[in-house]
Amino acid sequence: MAAHAKTTTAYRYNALLRRATSHGDLLLAFRAMLRAGVPPDHFTFPFALKALAQTSPRGSPPPPPSPRDPTLGCFHAQLAKSGHAADVYAASALVHAYAYRGDAASARAAFDAARHRNVVTWTAMIAGHAAAGEAREAVALFREAVASGTEVNAVTVAQVMAACAQCGDAESGRWVHAMLRRWGVEPVLVDIPLATAVLDMYAGCGGLSAALQVFDAMPRRNEISWNAMVEVCSRYGSSDKVLEVFATMHAAGIKPDKVAWLSILRACTFRGDTALGRGLHAYLEKTNGSQHVAVSTSLMDMYSKTGNAQSALQIFWCLSRKDLMAWTSMIIGLAKHGHGIDAVQLFNRMECGGAVPDNVAFLGVLTACSHAGMVDEGKKYFHSMRILYGIEPTIKHYGCMIDLLSRAGHLAEAEGMMQLMPIQPSTAIWGSMLNGCKLYGRADIAERIESKVAELNPQFSAIYVVLSNIYAEVGRWHTVEQTRRLMWQRGLEKIVGSSGTEVALLCS
């Protein structure tokens, strides 16, 4: 009867550990269990360690991996004292927890100390090595797992394929693929993560052409394999191939999944093919594919980048749920196509609606202010980044502000901001300053920054051409001659085209 009572009580405490949403909850439940005199059973540590890997110190969502977790160390010590360290499920959970938290060294120590291992133990350690950038160790451990007779699963294979791609180990990748085929498994027809991992391995080790050869040689293809191939083509930046694969799969009656649609729309955007874009939009509406917020946002982005702000806005306002990415995409789309005031108004509506802007959203609204000449508004948003949202400006945010001030003729203020920047100004930022100097005939400021610009990129002829044009416009012909002589001495040639082209190159 006493043993039954303890089992029942342990079950209740295990349920508390399993439901914990923070490290504090875990510790409270575990300490209460020990104080009540209830010994941990073989379920306690697997539950606790799994919950520990998936929660943060203060609650959900899970944090990014971070080694040296004191709570994890505490549970590791208690596991060793409890006598359950030899349990394969507890050992696997411990390895997984360390690997998930980014502590590959401790995970490997726990793995080596485990008396019994199953496929979960091996997979957790292989994934831990791969995540830590130790791809060769992951591949070697997979070979050891196979040699030990462990029956690996699709998750294990996907991890080792990713490791092979990471370290360029084509030989091991082909060996794993051949081994699967000997077992009667063609991974590209079975499981999408595994299919993507296999194709990505060939692409990573032999280039996209190698992945395409594997795909073309497949005797049968299903929805998983087609979508995986689209995703791999997109990952390697081949927009033409993405659209080619899509056309073939469409002819075969295969529908793209959400991830594939994102790749297809991205390829269409890159090519600037508005007719194809409208056709894809119509197809998505017909098949209800645009119900996904991510797909609708990608459609919006396509229309924005091809200059059709009206169609992008129509999609945006029809979204049932507008996440930060949707707001930001629309703001940037308006900003870059001459609708700066509309972009600023949309940013204000986003803030009023409770969405918290991130650094990309601020980049969009600062770009809008720059293109619309809204100096005061730009200053307000730039300062609110730090004061209201605690976002430190990056070099791109400084670049937008200096471009805004330079375009508006506030060159002295722009120069002062450059001097106070905690970041070394880029060639593009100096280019914005020179553009402003050219627009407003400020040869004095151009002369002050000439040497600094040349230090960054002394072989870029656009710098000297713009400087030469600035000096020419104010009639300083002697300085023009000196600048051109310097270009000749350094073996630089003027890029064919107008001075506007030179400024654009410098500011890009």
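Residues numbered from 1 in each chain as written. Predicted model: local features only at pLDDT ≥ 70, side-chain atom pairs only at ≥ 80, totals over all residues. Heavy atoms only, no water.

### Focus on the overall build of the chain
Note the cut-off: Secondary structure is summarised from DSSP: a helix means a run of H or I of at least four residues, a strand means a run of E of at least two, and numbering begins at the N terminus for each. Between two residues, a contact is recorded if the distance between any of their heavy atoms is within 4.5 Å. We get accessible surface area from the Shrake-Rupley algorithm with a probe of 1.4 Å; when it comes to residues, only the shown protein chains can shield them.
When its secondary structure is counted, the chain shows 29 helices and zero strands. In the chain, of all internal contacts separated by at least 6 residues, the share reaching a separation of at least 24 is 62%. Put simply, the chain shows about 24,700 Å² of open surface, and 54% of that area lies on carbon and sulfur atoms.

### Digging into the packing of helix α12 (residues 208-216) against helix α13 (residues 223-235)
To keep things clear, this is the line we draw: For helices, the fitted axis covers only the stretch in contact; all axes are lines through C-alpha atoms, and the angles between them, taken along N-to-C directions, range from 0 to 180 degrees. Angles are sorted into four bins: roughly parallel if under 35 degrees, roughly antiparallel if over 145, roughly perpendicular if 65 to 115, and oblique for all others. Polar here means any residue other than Ala, Val, Leu, Ile, Met, Phe, Trp, Tyr, Cys and Pro, which are nonpolar, and Asp, Glu, Lys and Arg, which are charged; Gly is therefore polar.
α13 packs onto α12 with a crossing angle of 170° between their chain directions and a minimal axis gap of 11 Å. The angle between the axes of α12 and α13 places the two elements in the roughly antiparallel class. Only Ser225, Trp226, Met229, Val232 and Cys233 of α13 make contact with α12, whose side of the interface consists of Leu208, Ala211, Leu212 and Phe215. Considered class by class, the residues forming the contact of α12 with α13 number eight nonpolar, one polar and no charged.

### Description of helix α7 (residues 119-131)
This is how the line gets drawn: In this analysis, the expected span of each helix is defined as 1.5 Å times one less than the number of residues it contains. Between buried and exposed lies partly exposed: a residue is buried under 20% and exposed over 50% of the maximum accessible area for its type, with that area taken using a 1.4 Å probe on protein chains only.
Compared with an ideal rise of 1.5 Å per residue, which puts 13 residues at 18 Å, α7 spans 18 Å between its outermost C-alpha atoms and is within 8% of the ideal. Taken residue by residue, α7 has Thr121, Trp122, Thr123, Ala124, Met125, Ile126, Gly128, His129 and Ala130 as its buried positions. For α7, the secondary structure elements touched by its buried residues are α5 (88-100), α6 (104-113), α8 (135-147) and α9 (154-167). Just downstream of α7 lies glycine 133, where phi reads positive at about 80°.

### A short note on the nonpolar core
The line we're drawing: Residues enter a nonpolar core if they are buried and are Ala, Val, Leu, Ile, Met, Phe, Trp, Tyr or Cys, with the set joined through side-chain atoms within 4.5 Å.
Counting 141 residues, the largest nonpolar core has Phe75, Met229 and Trp261 as its most contacted members. Looking at this core, the element that brings in the most residues is helix α11 (residues 192-206), giving eight residues. When sequence neighbours within four positions are dropped, the list of residues in contact with tryptophan 261 reads Phe246, Pro256, Leu280, Tyr283, Leu284 and Val295.

### Structural notes on the layout of surface pockets
Condition: Points on a 1 Å grid, built from protein atoms alone, make a cavity when a 1.4 Å probe fits but cannot get out and make a pocket when they are open with protein on both sides within 12 Å along at least 5 of 7 lines; residues with an atom within 4 Å of a point are the lining residues. Grid points are joined across faces, edges and corners, and a volume is the space filled by probe spheres set on the points.
The volume enclosed by the second largest pocket comes to roughly 440 Å³. What lines the second largest pocket is a set of 19 residues, and nearest its centre among them are Thr297, Asp301, Lys305, Met325 and Ser329. Mapped onto the lining of the second largest pocket, the elements with two or more residues apiece are α15 (258-271), α17 (293-305) and α19 (324-335). Ranked by residues supplied to the lining of the second largest pocket, first place goes to α17 with six residues. In terms of residue class, the lining of the second largest pocket is built from six nonpolar, eight polar and five charged.

### Quick notes on the pattern of salt bridges
Heads up, the condition is: A side-chain nitrogen of Lys or Arg and a carboxyl oxygen of Asp or Glu constitute a salt bridge if their distance falls within 4 Å.
Evaluated as defined, the whole model comprises eleven salt bridges. Its salt-bridge partner being aspartate 112, residue arginine 108 comes within 3.1 Å of it at the nearest N-O pair. Of this pair, arginine 108 and aspartate 112 both sit in helix α6, four residues apart, which is roughly one turn of the helix. The residue aspartate 273 makes a salt bridge to arginine 271 at a minimum N-O spacing of 3.9 Å. Given a relative accessible area of 43%, arginine 271 falls into the partly exposed group. Taken together, the shared-partner salt bridges in this structure form one network comprising Asp200, Glu231 and Arg235.

### Quick word on the packing of α19 against helix α20 (residues 340-352)
This is how the line gets drawn: Each crossing gets its handedness from the near helix: less than a right angle anticlockwise from the far helix is left-handed, clockwise is right-handed.
One way to put it is that α19 packs onto α20 with a least axis distance of 7 Å and a crossing angle of 160°. Overall, the two elements α19 and α20 adopt an arrangement that is roughly antiparallel. Note that α19 runs across α20; the crossing there is left-handed. Facing α19, whose interface residues are Leu324, Trp327, Met330, Ile331, Leu334 and Ala335, α20 presents Gly340, Asp342, Ala343, Leu346, Phe347, Arg349 and Met350. Its residues assigned to classes, the contact of α19 with α20 comprises ten nonpolar, one polar and two charged.

### Looking at the packing of aromatic side chains
Operational definition: Geometry of aromatic contacts follows a simple scheme: Phe, Tyr and Trp rings, the Trp one being its six-membered ring, pair when their centres are within 6.5 Å, and the pair is stacked under 30 degrees between planes, edge-to-face over 60, tilted otherwise.
Considering all chains together, one arrives at twelve aromatic pairs under this definition. Between phenylalanine 111 and tryptophan 122, the ring centres sit 5.1 Å apart and the planes meet at 75°, which makes this aromatic pair edge-to-face. Linking phenylalanine 111 in helix α6 with tryptophan 122 in helix α7, this pair joins segments that are eleven residues apart in sequence. Tryptophan 122 carries the same exposure label as phenylalanine 111, and that label is buried. For the ring pair phenylalanine 316 and tryptophan 317, a centre distance of 4.9 Å and an interplane angle of 70° mean the geometry is edge-to-face. Given the relative accessible area of 0%, phenylalanine 316 is considered buried.

### Thoughts on the confidence of the model for the chain
What counts, and what does not: A residue's pLDDT is the predictor's confidence in that residue, given on a scale from 0 to 100.
Averaged over the chain, the pLDDT score is 81; the fraction of residues at 70 or greater is 85%. Segment residues 58-65: pLDDT under 50, and 15 contacts once partners within four positions in sequence are set aside and those in other chains are kept. Counting interchain partners and residues more than four positions distant, the pLDDT-below-50 stretch residues 495-508 has 26 contacts.

### As for helix α16 (residues 274-287)
As a reminder, the rule being used: Polar contact criterion, stated in full: a pair of N or O atoms within 3.5 Å, where within protein one must be able to donate a hydrogen and the other to accept it, and residues adjacent in sequence count only if both atoms are side-chain atoms.
Here α16 spans 20 Å end to end across 14 residues, near enough to the 20 Å set by a 1.5 Å rise per residue. The backbone nitrogen of alanine 275 has a side-chain oxygen 3.4 Å away, supplied by the residue at the start of α16, namely aspartate 273. Looking one or two places after α16, you find asparagine 288, whose phi comes out positive at around 65°.

### Some details on the environment of valine 120
Take valine 120: it is sitting in helix α7. Considering only alpha carbons, one finds valine 120 and valine 152, 32 residues apart in sequence, at a separation of 8.8 Å.

### A word on the side chain of serine 296
By the element assignment, serine 296 lies in helix α17. Not counting residues within four places of it along the chain, the set of residues in contact with serine 296 comprises Ser290, Ile315 and Leu319.

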